[in-house]
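The lines below spell out each chain.
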Amino acid sequence: PDSEFAGSVGVGVGKPAGVVTTVRKKGGRKKNLRPPSPTVLKQRREAANARERKRMNGLNDAFERLREVVPNMTAEQKLSKIETLRMAQAYIKTLASLVQSDDQQQQQKSPSSNVDTVEVDMFELI
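Remember, predicted model here, so these are calculated numbers, not experimental data. (Residues numbered from 1 in each chain as written. Predicted model: local features only at pLDDT ≥ 70, side-chain atom pairs only at ≥ 80, totals over all residues. Heavy atoms only, no water.)

Q: Just give me the short version of the side chain of Thr84, but keep the residues and values in it.
A: Note on placement: Thr84 falls in helix α2 (residues 81-109). A distance of 2.7 Å separates a polar side-chain atom of Thr84 from the backbone oxygen of Ser80. Leave out the neighbours within four places in its chain, and Thr84 touches Phe63, Leu66, Arg67 and Leu79. (Helix = DSSP H or I, 4+ residues; strand = E, 2+ residues; numbered from the N terminus. Polar contact = N/O pair within 3.5 Å; in protein donor to acceptor, adjacent residues only side chain to side chain. Contact = heavy atoms within 4.5 Å.)

Next up, the structure:
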């Protein structure tokens, strides 16, 4: 037999009959034919849960930071995630509109207006 497919269930050189070993497919990695123990499965699940918890905490922290900079008309209650995103989108559009109208006013006053002035004004709004 081909040496890349060696190590399957059965009788082989130096292997007792019925012993489960690993199988290697052509170009692939070794695959253990024995399922992981319950302890290993539990450790993997706990690790996956910890990663997901860390990811969600990071996402929630980002939403909190966004809520701090987005204007909230109803300060009594915090905005939901979707409300925060919609409000941020509207806020960005409003700021962009302000910058655009300010830029147009600057150009009407003096044709040689400086773009850097508009950028500084935008950052003062935030």
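Alright, that's what it looks like, and here's the rest.
Q: Account for α2, naming residues and giving values.
A: The end-to-end C-alpha separation of α2 is 42 Å, in line with the 42 Å expected for 29 residues at 1.5 Å each. All of the buried residues in α2 are Thr84, Ala88, Leu95 and Val99. (Expected span 1.5 Å × (residues − 1). Buried < 20%, exposed > 50% of the residue type's maximum accessible area, 1.4 Å probe, protein only.)

Q: Quick one: what's the story with the pattern of salt bridges, residue by residue and with numbers?
A: Summed over the entire model, instances satisfying the criterion amount to three salt bridges. Put simply, Arg55 and Glu52 hold a salt bridge, and the shortest N to O gap is 2.8 Å. Here the residue Arg55 and the residue Glu52 both occupy positions in helix α1 (residues 38-69), the gap between them amounting to three residues, near one helical turn. Of the residues examined, Arg55 reaches a relative accessible area of 47% and is grouped as partly exposed. Judged by relative accessible area, which is 37%, Glu52 ranks as partly exposed. The partner of Glu64 in a salt bridge is Lys78, and the shortest N-O contact between them spans 3.6 Å. On the criterion of sequence distance, the pair formed by Glu64 in helix α1 and Lys78 in the loop between α1 and α2 is long-range, its members being 14 residues apart. (Salt bridge = Lys/Arg side-chain N within 4 Å of Asp/Glu carboxyl O.)

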